[in-house]
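Observations on chain architecture
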Amino acid sequence: MGPPGRAWFDIVVPGLTTPRAIRSDRATGFRRKPSQPAGATPMKMRIEVELDYDAEGVVDVLMQIETAWMVDQTVTEERLDPGRTAHAIRIEGEDSIGSRVWLRPEGRFRCVYSANVEIARPAIDIATLPTDPVWRLPAEAVPYLMASRYCPSDEFQSFVAAEFGDIEAGACIARMADWIAKRYTYSPGASGPWTTALDTFVQRRGICRDFAHVLISLARAKGIPARMVSGYCPEVRPQDFHALAQVWLDGAWHLVDPTGMATPDRLAIIGVGRDAADIAFLTSYGWLTLRQQNVAVHEIA
């Protein structure tokens, strides 16, 4: 059992090891064990996260740091210790991918998360994929054609028509990602929580979320649905929560990272959404002051 006053989440996938008791809201969570694609050779990774903040009084926190359980990625072992909290309430993530947890710490918020994950997602050459005309898009993809808080795609339509008007489908997305990679500087500290894709487009520098916001905006302006993805990848430097894009091509969602640091076959997805507002790892309703934060991801045998 966990220490008094703490809400503990221990997950052991049935059939792999002896199941433990699942406390708090894990038992009614939205997780499920998926099957892996036939013939896939999984890449295995270890994820370790520590969040340590001072809370000014009682603070409501919405946290999204746990790896999603999906058909092409399997969580084989997982543990979340959210620290001292008045409650731990699990809700479903955007598009039913992953989950979030409502917490209510007071005075100090310290959370520790660890997981072993197997990725069985192929690295497809996105440039070869056809697009779907907008009138044939399914309901799940249509919202991601629209402008959003950080991705004002309507502001990019004239630029996209001039710069990418001669190319379509996956080849266009590949060229857009390459265009960003060649012209933008990865610069931690160059942007803030209010930086939009339009700001980054002008400044030509930023971090992973800024690169992703620009690609998403360009894709939507081209009539290709695009959404933002948060995840873990061992190649990300400096190690942190990573943000990239996912575009709808050939009837499915496909990952694209304009920073070039992550590939689909080496990324553990946390969640998805319209932009950074939907995939934030921590949203607080009250004041939190950072003590320290560590993310470590590495490949394991």
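In what follows, the structure referred to is the one given above.
Predicted model only: the values in this text are computed from it and were never measured.

Let us look at the overall build of the protein chain. Looking only at helices and strands, one finds 5 helices and 15 strands in the protein chain. Of the accessible surface of the protein chain, which amounts to about 13600 Å², a share of 51% is contributed by carbon and sulfur atoms.

Our next topic: unusual backbone geometry. Note the cis peptide between Arg-237 and Pro-238, where omega equals -10 degrees. Relative to the helices and strands, Pro-238 resides in the loop between strand 10 (226–232) and strand 11 (242–249). For Asp-95, which is not a glycine, the phi torsion comes out positive at approximately 55 degrees. Structurally, Asp-95 can be placed in the loop between strand 5 (88–92) and strand 6 (99–103).

This part covers the pattern of salt bridges. In the structure shown here, the tally under the stated rule is 17 salt bridges. Measuring nitrogen to oxygen at the nearest pair gives 2.9 Å for the salt bridge that ties Arg-110 to Glu-50. A residue pair is termed long-range when its members are at least 10 positions apart, and Arg-110 in strand 7 (residues 106–119) and Glu-50 in strand 2 (residues 43–58) qualify at 60 residues. You can call Glu-50 buried: its relative accessible area is 17%. Its salt-bridge partner being Lys-182, residue Asp-178 comes within 3.1 Å of it at the nearest N-O pair. One end of the pair, Asp-178, and the other, Lys-182, are both in helix 2 (residues 169–183), 4 residues apart, so they sit about a helical turn from each other. Its relative accessible area of 37% is what places Asp-178 among the partly exposed residues. Of the residues examined, Lys-182 reaches a relative accessible area of 63% and is grouped as exposed. Within the structure, one salt-bridge network assembled from shared partners comprises Glu-235, Arg-266 and Glu-299.

Relative to the elements of secondary structure, Asp-257 occurs in the loop between strand 12 (252–256) and strand 13 (268–273). Although Asp-257 is buried, it forms no salt bridge, and the closest oppositely charged side chain is Arg-266 at an N-O distance of 11 Å. For Asp-257, the side chain forms a polar contact with the side chain of Thr-259, separated by 2.8 Å. There is a polar contact of 2.8 Å between the side chain of Asp-257 and the backbone nitrogen of Ala-262. Once residues within four sequence positions are removed from consideration, Asp-257 is found in contact with His-242, Ala-243, Leu-244 and Ala-262.

Glancing now at the sheet that holds strand 14 (residues 282–285). Within a sheet, each strand pairs with its neighbour through backbone hydrogen bonds, oriented either parallel or antiparallel. The strand order across the open sheet formed by 4 strands is 5-6-3-14, and the pairing between neighbours is antiparallel. Unpaired on one side and paired on the other, strand 5 and strand 14 mark the two borders of the sheet. In this sheet, neighbouring strand axes are inclined to one another by 20 degrees on average, regardless of whether the strands run parallel or antiparallel. As paired elements, strand 5 and strand 6 share 5 bridges and run antiparallel to each other. Within the sheet, the bridge partner assigned to Ile-89 lies in strand 6 and is Trp-102.

Residues Phe-164, Ile-173, Met-176, Ile-180, Leu-218 and Val-247 are the most contacted members of the largest nonpolar core, which totals 36 residues. Every element with two or more residues in this core is listed here: helix 1 (157–164), helix 2, helix 3 (197–203), helix 4 (208–221), strand 10, strand 11 and helix 5 (276–279). Looking at this core, the element that brings in the most residues is helix 4, giving 9 residues. If near-sequence neighbours (up to four positions away) are discounted, Ile-180 is found in contact with Phe-211, Val-214, Leu-215, Leu-218 and Pro-258. Core analysis: the second largest hydrophobic core is formed by 31 residues, Ile-65, Ala-88, Val-117 and Leu-282 among them.

Another point: the pairing of strand 2. The pairing of strand 2 with strand 7 spans 13 bridges and is antiparallel. By the bridge assignment, Asp-52 is partnered in strand 7 with Arg-110. With 11 bridges connecting them, strand 2 and strand 15 (residues 288–299) associate as antiparallel partners. The residue of strand 15 that forms the bridge with Val-49 is Val-295.

For any pair of aromatic rings, the description consists of the separation of the ring centres together with the inter-plane angle of the planes. As enumerated under the stated definition, the model contains 15 aromatic pairs in all. Their ring planes at 80 degrees and their centres at 6.4 Å tell us that Phe-164 and Trp-179 sit as a pair that is edge-to-face. Of the two residues, Phe-164 sits in helix 1 while Trp-179 sits in helix 2, which places them 15 residues apart along the sequence. For the pair shown, Phe-164 and Trp-179 are each scored as buried.

Rules used throughout
Think of each chain on its own: its residues are numbered from 1, step by step along the sequence as written. Note on the predicted model: pLDDT of at least 70 is required for a residue's local features to be given, and 80 or more for side-chain atom pairs to be given and counted; whole-chain, interface and lining totals, by contrast, use all residues. Where side-chain values are given, they derive from all heavy atoms of the structure, hydrogens and water being excluded. Put simply, DSSP H or I for four residues or longer makes a helix, DSSP E for two residues or longer makes a strand, and each gets a number counted from the N terminus. Areas reported here follow the Shrake-Rupley algorithm with a probe of radius 1.4 Å; residue values treat only the protein chains shown as occluding. Salt bridges are defined as contacts in which a side-chain nitrogen from Lys or Arg sits within 4 Å of a carboxyl oxygen from Asp or Glu. Remark: exposure states derive from per-residue accessible area (1.4 Å probe, protein chains only) relative to the maximum for the residue type, with buried under 20%, exposed over 50%, and partly exposed in between. The convention is simple: Lys and Arg are positive, Asp and Glu are negative, and His and the chain ends are not counted. Pairs of N or O atoms are called polar contacts if they sit within 3.5 Å, as long as, within protein, a hydrogen donor faces a hydrogen acceptor (for residues adjacent in sequence, only side-chain-to-side-chain pairs). Whether two residues are in contact is decided by their heavy atoms, any of which lying within 4.5 Å being enough. Two strands make a pair as long as DSSP finds a minimum of two bridges between them. Think of each axis as a best-fit line through the C-alpha atoms, taken over the contacting stretch in the case of a helix, with angles from 0 to 180 degrees between the N-to-C directions. Grouping buried Ala, Val, Leu, Ile, Met, Phe, Trp, Tyr and Cys residues that are joined through side-chain atoms within 4.5 Å yields what is termed a nonpolar core. In this scheme Phe, Tyr and Trp rings, the latter by its six-membered ring, pair at centre separations within 6.5 Å, and the angle between planes marks the pair as stacked below 30 degrees, edge-to-face above 60, and tilted otherwise.

In short, geometric facts, not functional conclusions.
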